[in-house]
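Chain and residue survey
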Amino acid sequence: MTANLFEDIDAPEPAREPLAPGAVLLRGFACEVAGEILEAVNGVLAQAPLRHLVTPGGYTMSVAMSNCGPLGWVSDRRGYRYDALDPLSGQPWPAMPERWKALAARAAAQAGFEGFEPDACLINQYLPGSKLSLHQDRDEHDFSAPIVSVSLGLPAVFLFGSERRTDRPQRYCLQHGDVVVWGGASRLAFHGVAPLADGEHSLLGQRRINLTFRRAG
Ligand code: SIN
Ligand code: FE2
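Notes on the structure follow. (Residues numbered from 1 in each chain as written. Chains lettered and ligands numbered in written order. Predicted model: local features only at pLDDT ≥ 70, side-chain atom pairs only at ≥ 80, totals over all residues. Heavy atoms only, no water.)

Thoughts on the overall build of the protein
A count of helices and strands for the protein gives 3 helices and 13 strands. In summary, the protein has a C-alpha radius of gyration of 17 Å against a globular reference of 17 Å for 217 residues, a match within 12%. Taking the principal axes of the C-alpha coordinates as reference, the protein spans close to 65 × 40 × 35 Å. Counting the 217 residues in the protein, one finds 48% classified as buried. Pairs at least 24 residues apart make up 73% of the contacts formed inside the protein by residues separated by at least 6 positions. Here the protein has roughly 10800 Å² of accessible surface; of this, 54% comes from carbon and sulfur atoms. (Helix = DSSP H or I, 4+ residues; strand = E, 2+ residues; numbered from the N terminus. Rg over C-alpha atoms; globule rule 2.2 N^0.38 Å. Buried < 20%, exposed > 50% of the residue type's maximum accessible area, 1.4 Å probe, protein only. Contact = heavy atoms within 4.5 Å. Areas by Shrake-Rupley, 256 points an atom, 1.4 Å probe, with all protein chains shown as cover.)

This is the structure in structure tokens:
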């Protein structure tokens, strides 16, 4: 009987690194399913290819993007927004794989956000030198749902600050399989990615792929 009592204590806890109130880094959370996710990424990208979006200010982003799910994040000279149609094809974005939704919901729950149901998954591809400037994710309808970010491939330096752009962000190295969840008091935290360093990853070569799951609509 005593053995049972201690079983839960001995079970390996997923490594959780709190970043800020409402924000947590789940080290290696997606490692086991990473290969399977990447196969599905290729399927999605065959239907909705990666492209470099232009910001409202006329700057072409160095990160290449696509989406899956009912809504996709897009940017052009008119602004940032979510759209049900891929502007390249005029067709709906590819479906979000059920297994991805389940993974995102499990990660959100680990971080204290039960019942997360993403309706948008942004796919970001970074090559050496690609970066993402500090920004807030604020094009979503309501901010009660968290953002769930899955890192695959080459490691990246993730910048995570506060709601104030002027606060100096902390730097975290995100590795293949790491998942970051931010919501609640951190939902509007400024974040970004430092220029990707050269490297070679066994599954992705010279690339980093990041999936961010959002409740946009
Ligand atoms: C994002 O902010 O949309 C992506 C963050 C990342 O690539 O880690
Ligand atoms: Fe973001």
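What about the coordination of the iron ion (ligand 2)?
For the iron ion (ligand 2), the protein coordination sphere consists of His135 (NE2), Asp137 (OD) and His191 (NE2), at 2.1 to 2.2 Å. Classification of the site at the iron ion (ligand 2) rests on its 4 donor atoms, whose angles at the metal span 89 to 174°, yielding the label irregular. For the iron ion (ligand 2), the single-chain donor residues occur in sequence as H-x1-D-x53-H. Here His135 is found in strand β7 (residues 132–135), whereas its partner His191 is found in strand β12 (residues 191–193), with 56 residues between them in sequence. Judged by relative accessible area, His191 falls into the buried class, the value being 4%. (Donors = N, O, S within 2.8 Å, 3.2 Å for Na, K, Ca; no water. Tetrahedral: all angles 85-135°; square planar, octahedral: opposite > 155°, others 65-115°.)

With respect to the nonpolar core
Trp100, Val148, Val179, Val181, Leu211 and Phe213 are the most contacted members of the largest nonpolar core, which has 32 residues in total. For this core, the secondary structure elements donating two or more residues are β2 (23–26), α2 (34–47), α3 (98–110), β6 (120–126), β8 (147–153), β11 (179–182) and β13 (208–214). Here this core gets 6 residues from one element, more than from any other, and that element is α2. The contacts of Val181, once residues within four sequence positions are left out, are Gly22, Ala23, Val24, Leu26, Ala107, Ala108, Ala111, Phe113, Pro146, Ile147 and Val148. (Core = buried A, V, L, I, M, F, W, Y, C linked by side-chain atoms within 4.5 Å.)

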